Structures are given as structure tokens and as C-alpha cells.
Amino acid sequence: MSRRAAEAEITAGKIKINGLTASLGDKVDPELDTVECDGKIICHSSGDEKLRNTYVLLNKPSGYVTTMKDEQGRKTVADLLLSVGKRVYPVGRLDMYSDGLLLCTDDGELTNRITHPSHEVAKKYLATITSHLTEDDIERLKVPFELDGYMLREFGVRFVEYTKCGNAPSTVIEFTLYEGRNREIRNICSHHGYRLARLTRISIGALTLDGIESGKWRYLTESEIEYLKSI
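Description of the structure in this document.

About the criteria used
- Residues numbered from 1 in each chain as written.
- Predicted model: local features only at pLDDT ≥ 70, side-chain atom pairs only at ≥ 80, totals over all residues.
- Heavy atoms only, no water.
- Phe/Tyr/Trp six-rings, centres within 6.5 Å; stacked < 30°, edge-to-face > 60°.
- Helix = DSSP H or I, 4+ residues; strand = E, 2+ residues; numbered from the N terminus.
- Buried < 20%, exposed > 50% of the residue type's maximum accessible area, 1.4 Å probe, protein only.
- Contact = heavy atoms within 4.5 Å.
- Polar contact = N/O pair within 3.5 Å; in protein donor to acceptor, adjacent residues only side chain to side chain.

Some words on the packing of aromatic side chains
Phase 1: The full count for this structure, using the stated rule, is 3 aromatic pairs.
Phase 2: Ring geometry for Phe-155 versus Phe-175: centroids 6.5 Å apart, planes at 40°, classification tilted. Taken together, the positions of Phe-155 in the loop between β10 (150-151) and β11 (156-165) and Phe-175 in strand β12 (residues 168-177) put the pair 20 residues apart, joining distant regions of the chain.
Phase 3: With a relative accessible area of 5%, Phe-155 lands in the buried category.
Phase 4: Overall, Phe-175 belongs to the buried group, its relative accessible area being 0%.
Phase 5: Ring centres of Phe-159 and Tyr-162 lie 4.8 Å apart, and the angle between their planes is 55°; on these two criteria the pair is classed as tilted.
Phase 6: On the accessibility criterion, Tyr-162 (40% relative accessible area) is partly exposed.

Pasting the structure below:
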């Protein structure tokens, strides 16, 4: 297209560089950067693409299974990642009825680093509990306990707000976890007799959901990739 037409497309927000909306004046390195126009990849790294890893952040909706294939025919995160153009895999899990931030990559080494128990990468979640929790209730939530013969590691609990689920008084709590125990927050709430109405992962380390709509994804920036490799 002409330069004027290209500027109009950029101004309209139709051009993305490495998954981020481009601005007038941005520069592109064809050896390193991926450019999209209206969701279609029009320029990919001209280096050895097979050797170059791919890193994306997905805002997983509730109702999708965190796997690339499901024998029961349920919707999977793979259905949401088709436009990535390469097969990437979830780093860790979000259960079917949880939503929020999910890191996906084909970098096995990075996956092992982040999911290994020795790497304390903080993961934050917003949990909507269908009870009106008092200060004492919240203090009790903070106490680790033995689950299935394993003593839970210390985790963070912070009051966010009171709300309602239908007609039920509810409390939104922010949990910060440092290990990848399966269904840990759901088990913590169940241990105290509380029911979860919603569970959303809002961050992994310094990576957040900002700017990613539910069901959508974006590429990580070079600085975000470097950050993940440094933790």
C-alpha cells in the first residue's frame, strides 16, 4: 500500500508489531519482528523461523480446557491460539472454570524454569467468594495447612472489595501463590467452607492482563522475554 494508506491503517490501530498495536514512527527489524495487518501476519522474522521460539500471553475465558487436545471434545486453549501460526503450549494450568492470564510458548527450557518449584514466580488471582468475609475470616484464610499430606507453602491473601453474585453477598480476595499446586485456591476455599463464584489469574510475575481482551492473545515483547529468562 502507499505510505499515506499505511499511515491511515496504523492510525486506525489495524497494524500490530509483535502483538502490540503499532504507532506512527515505530520501527521494524525484519530479522526479529512480526507484523500483522487486520490480524493477518504479513511480515515474519526472516531468520531461521524453526529455531526461533514463540511466546504469547492469552486471556483464557472460562469454559476452555488448558490442553492442546481434549478426548471429550471440549473447547481447548488450542482453539484460541490458531492464529499464532506455530504450536505453542501452556506454561502451567488454569482449570476449565477459571479464566485469566495464561503464558504459552514452545520454549521447553523456559517452561521448566517457570514451573519448577525452586523458582518462586508470584502468580496473582482474583477470587470471588460467595460469603461476606470479616477481617478475622480473611486472617484465617492466610494460614497454610496440610493438603493431601503436603504442607502448603506460604501464600498471600488481600481483601479487594465487597460485591454481590446475584443476590448473594460476596467478597473479592486477591491471592498470591508461589507454587503450582493443582486447584490450590479452590482447595483453600473449600477447606474453610467457602464457595468460589469466579477465579481469575491477573498476573504472572510482572506480566499482566492489561490490554488483552478475553479470548485474545498477544506476543511477548523482547523485554518481557528477557525478564522471564532472568527470573
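Text resumes after the structure shown.
Some thoughts on the environment of Asn-53
Phase 1: Along the chain, Asn-53 turns up in the loop between β4 (40-43) and β5 (55-60).
Phase 2: Separated by 52 residues in sequence, Asn-53 and Thr-105 place their C-alpha atoms 7.2 Å apart.
Phase 3: What Asn-53 contacts, discounting residues up to four positions off in sequence, is Lys-86, Asp-106 and Asp-107.
Phase 4: Engagement of the side chain of Asn-53 in a polar contact is seen with the side chain of Asp-106, the distance being 3.3 Å.

Keep in mind that these numbers describe shape and distance, not what the molecule does.
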